[in-house]
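Read off the chains here:
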Amino acid sequence: MAKIIVSSRFIKNPSSQNAGKLIRYMGTREGVEKLPKGIDTSPATKQQMTLISRIIKHYPETMDYVEFDDYYNLPSKANATEFISAVAERNADRTDELKSLVSYIAERPGVEKLGAHGLFSQTDDAINIDKVADEVSNHQGVVWTHVISLRREDAERLGYNNAQVWKDCVRRNANELAEAHKIPVSDMQWYAAFHNTSHHPHIHLIVYSKSGQGYLTKQGMEKMRSTFGNDIFRNEQLKLFKEQTGIRDELKAEMNEVLEGISCRRYPITDETAELIMQLQNELNNCKGKKVYGYLPKNVKETVNKLLGHIVHENLPLRYMYSKWNEVNRLKLSLYYDSEKDDDIPIEDNKEFRSLKNMMIKAVLEMQVSDADTTWKSTKGNEGLYNGILQSIASLFSSKAADRINEINAQKRNRKDGKTLSKEQQKRLAHGDRSVDGGYDKEEKDEEDSRRAAENAEALLYLADGIIDFTKRHAAQQQIINNNDTNDEELSIGGI
């Protein structure tokens, strides 16, 4: 489920649809900023279930609300109340249609009042709520109404649990808000109020053009959601972006090593991949113009894509790195929607890794291959592929073991000399500090744990290097056998 929820509607004829009521509702809704003492997890009442059935029958789009998802997963009184409240909140311009819903929640806590009401706007000038209500009701153009909400845990963690923070957020994004609505900034008017509900703290936001201009498209709504989401979750998004960039750089470096290994015959590949390499080289040599992916004919691009997919699929570290990249990418996308159900984008279709294609094109052009070349191929079925997979696993273990050894050595360098520490502990004990009791034992235990961890890492490194050496020697021996078999076949044909 998305971390930020944005619901958008518009009022085409504000005067006939009582838009002023929405302004008063936003700014004066009964309640103060306080959470209930506890959340009632007992089953929803019959009255609530009947009312919810009526809601989803007449307004099926409400089943897309995050509150409905909460109610569907746990049909409790609290979740039922939150869903009914959300329907009334986000459809407040339909007050005549939703009187039963509005009356149902009339006594619940809600708006944080800034003086006589909770309305705020771009400046700190005093707001006369009655005047604003009349202004909106008599507006001749379209009035857009939005509800922007967060989950309670996110609002608390990020500090979006009060009106001031939301006011600052809307103000600093006013330019983007105007752009999304296709309204000049100087011509845009907006009002908002913060409702501190228990499950999903949110703001009501009204936007319109003073001169009646503007329109809001689906792309505009997505832009608005992206603007607020990236602002509110900017630190988390930045961290994920850096992590994703690091994984992408590691994958590129590994891909470069794999291509060098293929070119130097150190890395065994399947017959199909070898044939794709030769096919791509022939196609590239017959191409005119730049040998860059963006300039290639469609059929050559298809060969490049297919080869990239095969190489990544056959290499365990590449496959592992790309799956990690996709995990981080899903976390980034979860800001906007439920991305857990998304399938991984094939690497050949991912624009983020387009540079791999040009890297591969360059490497293939430099390879010395021919149709008669059997260097890469295995006459023992998939034996070459299994060798490659085993070597990839061993390389991954070797890398992790080396990292662990470096980490342990760094810890040792940072650890104080045992004698110095002993003198410090004795001095502190002499001054009555009992917190160091047992310090000697702890220090000895840390030393022993580090020693054992280093021994285990070194053993893993030794084993991995041994496997790598074995696979290389085995591949070389197999190649000699293959070459001998080929020579024997040629001699036999020559004898005939």
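Preceding this section is the structure that the text describes.
I will try to describe carefully the structure that is included in this document. Note that the structure is a prediction, hence the values are computed from the model and not measured.

1. Considerations on helix H11 (residues 234-263)
An ideal rise of 1.5 Å per residue puts 44 Å on 30 residues; H11 measures up with 43 Å between its terminal C-alpha atoms. Three or more residues of H11 are buried, namely Gln-237, Leu-240, Gln-244, Ile-247, Arg-248, Leu-251, Glu-254, Met-255, Val-258, Leu-259, Gly-261 and Ile-262. At the exit of H11 stands Arg-265, carrying a positive phi of roughly 65°.

2. Structural notes on the packing of H11 against helix H15 (residues 354-366)
The contact between H11 and H15 brings their axes to 11 Å, and the two run at 15°. Taken together, the axes of H11 and H15 are roughly parallel relative to one another. The two elements H11 and H15 cross, and the hand of that crossing is right-handed. Listed contacts from H15 to Leu-251, Lys-252, Met-255, Asn-256 and Leu-259 of H11 are Ser-355, Leu-356, Met-359, Met-360 and Ala-363. Residue composition of the contact of H11 with H15, grouped by class: 7 nonpolar, 2 polar and 1 charged.

3. Brief notes about the packing of aromatic side chains
This structure, assessed with the given rule, holds 9 aromatic pairs. Ring centres of Tyr-160 and Trp-166 lie 5.2 Å apart, and the angle between their planes is 80°; on these two criteria the pair is classed as edge-to-face. For Tyr-160, a relative accessible area of 4% corresponds to the buried category. A residue is classified by how much of its surface remains accessible, and Trp-166, at 0% relative accessible area, is buried. Geometrically, the ring pair formed by Tyr-322 and Trp-325 is stacked, given 6.0 Å between the ring centres and 5° between the ring planes. Here Tyr-322 and its partner Trp-325 are both found in helix H14 (residues 316-333), 3 residues apart, which amounts to about one turn of the helix. On the basis of relative accessible area, Tyr-322 is assigned to the buried category, the value being 8%.

4. Here's the deal with the packing of helix H2 (residues 46-58) against helix H4 (residues 77-90)
The angle between the axes and the distance between the axes are what describe a pair of packed helices. As a packed pair, H2 and H4 sit with axes 10 Å apart at the nearest point and diverge in direction by 35°. In terms of crossing hand, the pair formed by H2 and H4 is left-handed. Of the residues in H4, those in contact with Gln-48, Leu-51, Ile-52, Ile-55 and Ile-56 of H2 are Lys-77, Ala-80, Thr-81, Phe-83, Ile-84 and Val-87. Its residues placed into classes, the contact of H2 with H4 shows 8 nonpolar, 2 polar and 1 charged.

5. What to know about the pattern of salt bridges
Across all of its chains, the model carries 13 salt bridges by this definition. Residue Glu-156 pairs with Arg-152 through a salt bridge whose shortest N-O separation is 2.6 Å. Placement of both Glu-156 and Arg-152 in helix H7 (residues 152-158) is noted, with a separation of 4 residues, approximately one turn of the helix. The exposure class of Glu-156 is partly exposed, given its relative accessible area of 39%. In this structure, Lys-324 engages Glu-327 in a salt bridge whose closest nitrogen and oxygen atoms are separated by 3.4 Å. On the criterion of helical spacing, the pair formed by Lys-324 and Glu-327 is a turn pair, its members being 3 residues apart in helix H14. Owing to a relative accessible area of 30%, Lys-324 belongs among the partly exposed residues under this scheme. Overall, the relative accessible area of 39% leaves Glu-327 in the partly exposed class.

6. What to know about the side chain of Thr-273
Mapped onto the elements, Thr-273 comes out in helix H12 (residues 271-285). Given the relative accessible area of 0%, Thr-273 is considered buried. Ignoring anything within four residues of it in the chain, the contact list for Thr-273 reads Leu-307, His-310, Ile-311 and Glu-314.

7. Topic: the pairing of strand E3 (residues 188-195)
In terms of residue burial, E3 counts as a mostly covered element, since 8 of its 8 residues are buried. Burial along E3 is two-sided: Met-188, Trp-190, Ala-192 and Phe-194 and Gln-189, Tyr-191, Ala-193 and His-195, pointing in opposite directions, are all buried. In this structure, E3 lies alongside strand E4 (residues 202-209), joined through 8 bridges in antiparallel fashion. Bridging from a neighbouring strand, Tyr-191 pairs with Ile-206 of E4. From the end of E3 to the start of E4, which pair antiparallel, there are 6 residues.

8. Structural notes on unusual backbone geometry
With phi around 55°, Lys-182 is a residue other than glycine that occupies positive phi space. Note that Lys-182 resides in the loop between helix H9 (174-180) and E3.

9. Examining the nonpolar core
One finds Leu-251, Met-255, Ile-262, Leu-307, Ile-311, Ile-347 and Met-360 to be the most contacted residues of the largest nonpolar core, which totals 36 residues. Contributing elements (two or more residues each) for this core: H11, H12, helix H13 (298-314), H14 and H15. Ranked by residues supplied to this core, first place goes to H11 with 7 residues. Apart from residues lying up to four places away in sequence, Met-360 is in contact with Met-255, Leu-259, Val-304, Leu-307, Leu-308 and Ile-311. Residues Ala-178, Ile-183, Leu-205 and Val-207 belong to the second largest nonpolar core, which totals 28 residues.

10. So, the side chain of Asp-231
Here Asp-231 is to be found in helix H10 (residues 218-232). A relative accessible area of 10% places Asp-231 in the buried class. Excluding its chain neighbours within four sequence positions, the residues that come into contact with Asp-231 are Tyr-160, Cys-169, Arg-172 and Asn-173.

Reading guide: rules and limits
Residues numbered from 1 in each chain as written. Predicted model: local features only at pLDDT ≥ 70, side-chain atom pairs only at ≥ 80, totals over all residues. Heavy atoms only, no water. Helix = DSSP H or I, 4+ residues; strand = E, 2+ residues; numbered from the N terminus. Expected span 1.5 Å × (residues − 1). Buried < 20%, exposed > 50% of the residue type's maximum accessible area, 1.4 Å probe, protein only. Axes fitted to C-alpha atoms, helices over the stretch in contact; angles between N-to-C directions. Parallel < 35°, antiparallel > 145°, perpendicular 65-115°, else oblique. Left-handed = near helix turned anticlockwise from the far one by under 90°. Contact = heavy atoms within 4.5 Å. Nonpolar A, V, L, I, M, F, W, Y, C, P; charged D, E, K, R; others polar. Phe/Tyr/Trp six-rings, centres within 6.5 Å; stacked < 30°, edge-to-face > 60°. Salt bridge = Lys/Arg side-chain N within 4 Å of Asp/Glu carboxyl O. Pairing = 2+ DSSP bridges. Core = buried A, V, L, I, M, F, W, Y, C linked by side-chain atoms within 4.5 Å.

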